Amino acid sequence: MSEIRIAAETRTEFGKGAARRARRAGFVPGVVYGHGHAPVHLNLPGHDLMMALKTPNALLVVPIEGKDEYVLPKAVQREAIKRTIEHVDLLLVKRGEKVNVEVPVHTEGELAPGGNLLEHVLQALPIEAEATHLPEAVTVSVEGLEAGASIHAKDIVLPAGVALAVDADAVVLQVIAAQAAPAEEETEEVEGAEA
């Protein structure tokens, strides 16, 4: 995963009024914490941050006290209706450090014929990987799977240097049989034939 550089300014004003002023100016208030450092409060450019967060587990590079630091989004608060970013918590990480994150599970291929349905038991797979080498997603083939089949976490091929952070026997995907037609339709057809 490539790193995304974002210009950020140290925030000196705090409270709701200061946060509203920052948002009106196109910034998103945020805080960086981790590695025993005191929290650092930042204003980040709203549009750049929104674009960066479209990538799951985006590795951001932000200037903190004159030095570029790696951070991962830990919590993103959004406005309820417009879904704009209101605040972001960022976790300070170092090159080579292992972190636990969740990556989306993508599927490829077609299920066996018969109208079966694919259920995502886990929408995202918890993994442990180096902070600077996080995969954007994991892809699983469901080609030809029939009803009753399931894919466990241990069945998913992970990139080198990535380990599961969930029980290996946890079900990630399962195929369920299509429901039979309701019995009411059959009785209506029989009654119509008698009349």
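For the structure itself, consult the block above.
Counting of residues starts from 1 at the beginning of each chain's written sequence and follows it residue by residue. Totals for whole chains, interfaces and linings use every residue, but because this is a predicted model, local features are given only for residues with pLDDT of at least 70 and side-chain atom pairs only at 80 or more, for both listing and counting. To get the side-chain values, all heavy atoms of the structure are used, and hydrogens and water are removed first.

> How should I be thinking about unusual backbone geometry in this particular structure?
It is generally the case that most residues other than glycine have a negative phi and that most peptide bonds are trans. One non-glycine residue with positive phi stands out, namely Glu 65, at about 50 degrees. In DSSP terms, a helix is any run of H or I states spanning at least four residues, a strand is any run of E spanning at least two, and both are numbered starting from the N terminus. Looking at where Glu 65 falls in the secondary structure, it is placed in the loop between β5 (59-64) and β6 (67-78). Per-residue accessibility, obtained with a 1.4 Å probe over protein chains only, is compared with the maximum for each type, and a residue is labelled buried under 20%, exposed over 50%, and partly exposed between these values. Judged by its relative accessible area of 72%, Glu 65 is exposed. Not every positive phi belongs to a glycine, and Arg 83 is a case in point at roughly 65 degrees.

> It is not clear to me how the pairing of strand β14 (residues 171-176) should be interpreted in this structure. Could you clarify?
Looking down a regular strand, the side chains alternate between one sheet face and the other. Looking at chain direction, strand β9 (residues 117-120) and β14 are connected through four bridges and run antiparallel. Bridged to Leu 117 within β14 is Ile 176. Bridge count for strand β12 (residues 150-152) against β14 is three bridges, and the pairing is antiparallel. Bridged to His 152 within β14 is Val 171. Strands qualify as paired when DSSP identifies two bridges or more between them.

> Teacher, can you tell me more about the environment of Pro 135 here?
Within the secondary structure, Pro 135 is located in the loop between β10 (124-130) and β11 (138-141). Overall, the relative accessible area of 12% leaves Pro 135 in the buried class. Residues Pro 135 and Ala 25, 110 residues apart in the sequence, show an inter-C-alpha distance of 34 Å.

> I tried to follow the pattern of salt bridges on my own but got confused; where do I start?
Oppositely charged side chains are able to pair whenever their charged atoms sit close together. We count a salt bridge whenever a side-chain nitrogen from Lys or Arg sits within 4 Å of a carboxyl oxygen from Asp or Glu. Inspection of every chain in the model, using the stated rule, returns six salt bridges. Glu 13 is paired through a salt bridge with Arg 21; the nearest N and O atoms lie 3.4 Å apart. With relative accessibility at 42%, the residue Arg 21 sits in the partly exposed group. Through salt bridges with shared partners, a single network forms among Lys 67, Glu 69 and Lys 94.

> Looking at this model, I keep getting lost on the side chain of Arg 11. Mind explaining?
Residue placement: Arg 11 occurs in the loop between β2 (9-10) and α1 (16-24). No salt bridge forms around the buried Arg 11; measuring N to O, its nearest opposite-charge neighbour Asp 89 is 7.6 Å away. In this structure the side chain of Arg 11 is engaged in a polar contact, spanning 3.2 Å, whose partner is the backbone oxygen of Leu 42. Note on contacts: a residue pair is in contact if any heavy atoms of the two residues lie within 4.5 Å. Apart from residues no more than four positions distant in its own chain, Arg 11 is found in contact with Pro 29, Gly 30, His 41, Leu 42, Asn 43 and His 87. When charges are counted, neither His nor the chain ends are considered; positive counts come from Lys and Arg and negative counts from Asp and Glu. Each polar contact in these results corresponds to two N or O atoms within 3.5 Å; when the atoms are within protein, one needs to be able to donate a hydrogen and the other to accept it, and residues that are neighboring in sequence are counted only if both atoms are side-chain atoms.

> Looking at this structure, I do not really get the side chain of Thr 132. What am I missing?
Examined against the element boundaries, Thr 132 turns out to sit in the loop between β10 and β11. A distance of 2.8 Å separates the side chain of Thr 132 from the side chain of Glu 130, its partner in a polar contact. There is a polar contact of 3.2 Å between the side chain of Thr 132 and the side chain of His 133.

> Honestly, α1 in this entry has me stumped. Any pointers?
Since the α-helix turns once every 3.6 residues, residues separated by three or four places project in the same direction. Here α1 has its buried residues at Ala 18, Ala 19 and Ala 22. With its buried residues spanning 100 degrees around the axis, α1 presents them on a single face. Facing away from the buried surface of α1 by more than 90 degrees, the exposed residues are Lys 16 and Arg 24. Buried residues belonging to α1 abut β3 (27-34) and β4 (37-45). Gly 26, located one to two residues past α1, shows a positive phi value of around 90 degrees. The arc in question is the one spanned by the directions pointing from the helix axis to the C-beta atoms.

These values are about where atoms sit, not about what they do.
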